[in-house]
Amino acid sequence: MLYTEARQEILNICRQMVEEKFFLGTWGNVSVRIGEHIVLTPSKVEYDAMGLEDFVVLNLDGTIACGNRVPTSEKEVHRQIYLEREDVKAIIHAHTAKAMAVSALPVNAVPCMVEEMSQLLGGKIPLTRQYVCAENHFELGRMAAECIGDKNGVILRNHGPVACGRDLKEAALCVEVIEKACSIYLAANNRLIKEIPAKFVESERYRFLNKYGHENT
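Every value quoted in this text rests on a predicted model; they were computed, and no experiment measured them.

Peer 1: Looking at this structure, how should I read helix 2 (residues 75-84)?
Peer 2: The periodicity of an α-helix, 3.6 residues per turn, causes residues three or four positions apart to be oriented the same way. Extensive coverage of helix 2 is indicated by the burial of seven of its ten residues. Among the residues of helix 2, Glu 76, Val 77, His 78, Arg 79, Gln 80, Ile 81 and Tyr 82 are the ones counted as buried. Residues of helix 2 that are buried in the fold lie against strand 1 (29-34), strand 2 (37-40), strand 3 (56-59), strand 5 (90-93), helix 5 (137-148) and strand 9 (160-165).

Listed below in C-alpha coordinates is the structure:
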(Lines give C-alpha, C1' and ligand atoms only; values in the text may rest on other atoms or scores of the structure.)
Protein backbone atom coordinates (compact mmCIF):
# COMPACT_ATOMS: atom_id res chain seq x y z
CA MET A 1 0.00 0.00 0.00
CA LEU A 2 1.40 3.38 -1.04
CA TYR A 3 2.23 5.74 1.87
CA THR A 4 0.96 3.49 4.68
CA GLU A 5 2.61 5.57 7.42
CA ALA A 6 1.08 8.79 6.12
CA ARG A 7 -2.36 7.16 5.90
CA GLN A 8 -2.14 6.08 9.53
CA GLU A 9 -1.03 9.52 10.65
CA ILE A 10 -3.94 11.14 8.80
CA LEU A 11 -6.41 8.67 10.30
CA ASN A 12 -5.09 9.41 13.80
CA ILE A 13 -5.50 13.15 13.21
CA CYS A 14 -9.03 12.68 11.84
CA ARG A 15 -10.06 10.82 14.98
CA GLN A 16 -8.41 13.47 17.14
CA MET A 17 -10.40 16.15 15.31
CA VAL A 18 -13.63 14.18 15.89
CA GLU A 19 -12.84 13.74 19.59
CA GLU A 20 -12.20 17.47 19.96
CA LYS A 21 -15.44 18.20 18.05
CA PHE A 22 -13.52 19.99 15.31
CA PHE A 23 -15.05 17.62 12.74
CA LEU A 24 -18.80 17.04 12.55
CA GLY A 25 -20.11 13.88 10.87
CA THR A 26 -18.09 13.59 7.68
CA TRP A 27 -17.52 17.37 7.44
CA GLY A 28 -13.80 17.94 7.64
CA ASN A 29 -10.88 16.61 5.64
CA VAL A 30 -7.13 16.10 5.91
CA SER A 31 -4.21 15.72 3.52
CA VAL A 32 -0.44 15.49 3.40
CA ARG A 33 1.81 16.23 0.47
CA ILE A 34 4.57 13.76 -0.32
CA GLY A 35 6.63 14.82 -3.31
CA GLU A 36 4.29 15.09 -6.29
CA HIS A 37 1.46 13.26 -4.51
CA ILE A 38 -1.33 14.28 -2.13
CA VAL A 39 -2.64 11.67 0.32
CA LEU A 40 -6.21 12.67 1.02
CA THR A 41 -9.27 11.59 3.00
CA PRO A 42 -12.17 10.11 0.98
CA SER A 43 -15.61 11.62 0.53
CA LYS A 44 -18.50 10.74 2.84
CA VAL A 45 -16.82 8.02 4.92
CA GLU A 46 -17.38 8.09 8.69
CA TYR A 47 -14.09 8.48 10.53
CA ASP A 48 -14.76 5.71 13.01
CA ALA A 49 -15.28 3.31 10.09
CA MET A 50 -12.43 4.62 7.93
CA GLY A 51 -9.53 2.30 7.18
CA LEU A 52 -6.12 2.86 5.63
CA GLU A 53 -7.33 1.43 2.33
CA ASP A 54 -9.97 4.19 2.06
CA PHE A 55 -7.50 7.01 1.45
CA VAL A 56 -6.97 8.43 -2.02
CA VAL A 57 -3.63 9.47 -3.50
CA LEU A 58 -3.82 12.32 -6.00
CA ASN A 59 -1.28 13.62 -8.44
CA LEU A 60 -0.70 17.37 -8.18
CA ASP A 61 -2.67 17.83 -11.43
CA GLY A 62 -5.75 16.44 -9.64
CA THR A 63 -5.84 13.01 -11.27
CA ILE A 64 -6.04 9.94 -9.05
CA ALA A 65 -2.77 8.05 -8.63
CA CYS A 66 -4.33 5.27 -6.57
CA GLY A 67 -7.40 4.52 -4.49
CA ASN A 68 -10.86 3.07 -4.94
CA ARG A 69 -12.77 5.83 -3.17
CA VAL A 70 -13.87 9.26 -4.35
CA PRO A 71 -11.59 11.92 -2.79
CA THR A 72 -13.08 14.58 -0.54
CA SER A 73 -15.20 17.05 -2.49
CA GLU A 74 -12.94 19.82 -1.16
CA LYS A 75 -9.81 18.33 -2.70
CA GLU A 76 -9.26 21.52 -4.69
CA VAL A 77 -8.75 23.52 -1.47
CA HIS A 78 -5.87 21.20 -0.62
CA ARG A 79 -4.46 20.85 -4.13
CA GLN A 80 -4.45 24.52 -5.02
CA ILE A 81 -2.85 25.57 -1.74
CA TYR A 82 -0.11 22.99 -2.27
CA LEU A 83 0.47 24.34 -5.77
CA GLU A 84 0.96 27.85 -4.38
CA ARG A 85 2.88 26.95 -1.22
CA GLU A 86 5.98 24.74 -1.38
CA ASP A 87 6.41 25.14 2.40
CA VAL A 88 3.02 23.53 3.19
CA LYS A 89 3.14 19.76 3.65
CA ALA A 90 -0.14 19.16 5.53
CA ILE A 91 -3.63 20.71 5.44
CA ILE A 92 -6.69 20.30 7.67
CA HIS A 93 -10.07 21.73 6.77
CA ALA A 94 -12.19 21.70 9.93
CA HIS A 95 -15.69 22.74 10.95
CA THR A 96 -15.06 24.40 14.30
CA ALA A 97 -17.84 26.44 15.91
CA LYS A 98 -16.06 29.72 16.66
CA ALA A 99 -14.28 29.94 13.32
CA MET A 100 -17.55 29.15 11.55
CA ALA A 101 -19.22 31.97 13.51
CA VAL A 102 -16.49 34.37 12.38
CA SER A 103 -16.92 33.13 8.80
CA ALA A 104 -20.36 34.76 8.79
CA LEU A 105 -19.19 38.17 10.05
CA PRO A 106 -18.74 41.15 7.67
CA VAL A 107 -14.97 41.29 8.24
CA ASN A 108 -11.97 40.59 6.02
CA ALA A 109 -9.67 39.07 8.64
CA VAL A 110 -9.20 38.16 12.28
CA PRO A 111 -6.47 40.55 13.46
CA CYS A 112 -3.26 39.23 14.98
CA MET A 113 -4.02 39.62 18.68
CA VAL A 114 -1.94 36.98 20.46
CA GLU A 115 1.53 35.49 20.22
CA GLU A 116 0.43 32.08 18.92
CA MET A 117 -1.07 33.77 15.88
CA SER A 118 2.16 35.51 14.93
CA GLN A 119 4.30 32.44 15.51
CA LEU A 120 2.16 29.63 14.11
CA LEU A 121 -0.13 31.38 11.64
CA GLY A 122 2.20 34.13 10.51
CA GLY A 123 -0.19 36.87 11.62
CA LYS A 124 -3.84 37.59 10.91
CA ILE A 125 -6.35 35.02 9.64
CA PRO A 126 -7.79 36.20 6.30
CA LEU A 127 -11.35 35.42 5.21
CA THR A 128 -12.23 34.64 1.61
CA ARG A 129 -14.17 37.38 -0.16
CA GLN A 130 -17.45 35.57 -0.66
CA TYR A 131 -19.34 32.35 -0.11
CA VAL A 132 -18.75 29.66 -2.74
CA CYS A 133 -21.56 27.13 -3.10
CA ALA A 134 -20.84 23.46 -2.47
CA GLU A 135 -20.73 22.26 -6.07
CA ASN A 136 -18.21 24.88 -7.19
CA HIS A 137 -15.16 23.10 -5.80
CA PHE A 138 -12.54 24.49 -8.16
CA GLU A 139 -13.52 28.09 -7.38
CA LEU A 140 -13.48 27.32 -3.64
CA GLY A 141 -9.93 26.03 -3.97
CA ARG A 142 -8.84 28.96 -6.10
CA MET A 143 -10.21 31.47 -3.62
CA ALA A 144 -8.64 29.69 -0.63
CA ALA A 145 -5.21 29.53 -2.29
CA GLU A 146 -5.42 33.16 -3.37
CA CYS A 147 -6.57 34.44 0.01
CA ILE A 148 -4.23 32.50 2.33
CA GLY A 149 -1.12 34.22 0.98
CA ASP A 150 1.82 33.36 3.24
CA LYS A 151 -0.33 32.61 6.29
CA ASN A 152 -0.95 29.19 7.83
CA GLY A 153 -4.69 29.68 8.14
CA VAL A 154 -7.64 30.98 6.17
CA ILE A 155 -11.37 30.99 6.89
CA LEU A 156 -13.69 30.08 4.04
CA ARG A 157 -16.62 32.51 4.01
CA ASN A 158 -19.79 31.02 5.60
CA HIS A 159 -17.99 27.69 5.76
CA GLY A 160 -15.03 27.02 8.04
CA PRO A 161 -11.29 27.17 8.69
CA VAL A 162 -8.37 25.72 6.74
CA ALA A 163 -5.11 25.19 8.62
CA CYS A 164 -1.68 24.43 7.14
CA GLY A 165 1.63 23.25 8.50
CA ARG A 166 5.03 21.79 7.77
CA ASP A 167 3.60 18.51 9.04
CA LEU A 168 0.28 17.20 10.34
CA LYS A 169 1.11 17.89 13.97
CA GLU A 170 1.70 21.56 13.18
CA ALA A 171 -1.45 21.77 11.03
CA ALA A 172 -3.51 20.29 13.89
CA LEU A 173 -2.04 22.86 16.29
CA CYS A 174 -2.95 25.60 13.80
CA VAL A 175 -6.57 24.38 13.88
CA GLU A 176 -6.54 24.91 17.65
CA VAL A 177 -4.90 28.34 17.37
CA ILE A 178 -7.45 29.46 14.76
CA GLU A 179 -10.33 28.35 16.97
CA LYS A 180 -8.82 30.03 20.04
CA ALA A 181 -8.19 33.24 18.11
CA CYS A 182 -11.77 33.27 16.82
CA SER A 183 -13.08 32.72 20.34
CA ILE A 184 -11.08 35.71 21.61
CA TYR A 185 -12.15 37.80 18.62
CA LEU A 186 -15.83 37.06 19.16
CA ALA A 187 -15.53 37.92 22.85
CA ALA A 188 -13.84 41.24 22.04
CA ASN A 189 -15.81 42.04 18.90
CA ASN A 190 -17.52 45.16 20.29
CA ARG A 191 -14.29 46.62 21.67
CA LEU A 192 -11.20 48.11 20.11
CA ILE A 193 -8.59 45.41 19.52
CA LYS A 194 -4.90 46.23 19.84
CA GLU A 195 -3.00 44.20 17.25
CA ILE A 196 0.58 42.96 17.53
CA PRO A 197 2.73 45.39 15.48
CA ALA A 198 3.71 44.04 12.07
CA LYS A 199 7.46 44.15 12.82
CA PHE A 200 6.94 41.82 15.79
CA VAL A 201 4.70 39.49 13.81
CA GLU A 202 7.53 39.14 11.29
CA SER A 203 10.26 38.67 13.90
CA GLU A 204 8.25 36.18 15.98
CA ARG A 205 7.36 34.13 12.91
CA TYR A 206 11.03 34.04 11.90
CA ARG A 207 12.08 32.98 15.39
CA PHE A 208 9.47 30.20 15.48
CA LEU A 209 10.52 28.84 12.10
CA ASN A 210 14.27 29.15 12.48
CA LYS A 211 15.32 29.49 16.13
CA TYR A 212 12.64 28.13 18.46
CA GLY A 213 13.96 25.07 20.28
CA HIS A 214 17.53 25.81 19.25
CA GLU A 215 18.25 28.90 21.34
CA ASN A 216 20.07 29.09 24.64
CA THR A 217 18.03 32.10 25.74
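Peer 1: Can you help me understand the sheet that holds strand 1 in this one?
Peer 2: Hydrogen bonds between backbone groups are what pair the strands of a sheet, and the pairing can be parallel or antiparallel. Judged by pairing direction, the sheet is antiparallel, and its seven strands sit side by side in the order 4-3-2-1-5-9-8 without closing on themselves. The sheet terminates laterally at strand 4 (64-66) and strand 8 (153-156), the two strands that pair on one side only. Averaged over all adjacent pairs, the angle separating strand axes in this sheet is 25 degrees, with direction ignored. One ladder, built from two bridges, connects strand 3 with strand 4; its direction is antiparallel. For Val 57, the partnering residue across the bridge sits in strand 4 and is Cys 66. Against the sheet, helix 2 contacts strand 1, strand 2, strand 3, strand 5 and strand 9, and its axis sits at roughly 30 degrees relative to strand 1. Packed on one face of the sheet, helix 5 meets strand 8 and strand 9 and runs near 140 degrees to strand 8.

Peer 1: Could you clarify how one ought to interpret the side chain of Arg 85 in this entry?
Peer 2: By the element assignment, Arg 85 lies in the loop between helix 2 and strand 5. Residue classification places Arg 85 among the buried positions, given a relative accessible area of 7%. Of note is the side chain of Arg 85, whose polar atom sits 2.8 Å from the side chain of Asp 87. A polar contact is formed between the side chain of Arg 85 and the backbone oxygen of Lys 151, at a distance of 2.7 Å. Leaving out residues up to four positions away in the same chain, Arg 85 has contacts with Ile 148, Gly 149, Asp 150, Lys 151 and Asn 152.

Calculation notes
Residues numbered from 1 in each chain as written. Predicted model: local features only at pLDDT ≥ 70, side-chain atom pairs only at ≥ 80, totals over all residues. Heavy atoms only, no water. Buried < 20%, exposed > 50% of the residue type's maximum accessible area, 1.4 Å probe, protein only. Helix = DSSP H or I, 4+ residues; strand = E, 2+ residues; numbered from the N terminus. Contact = heavy atoms within 4.5 Å. Pairing = 2+ DSSP bridges. Axes fitted to C-alpha atoms, helices over the stretch in contact; angles between N-to-C directions. Polar contact = N/O pair within 3.5 Å; in protein donor to acceptor, adjacent residues only side chain to side chain.

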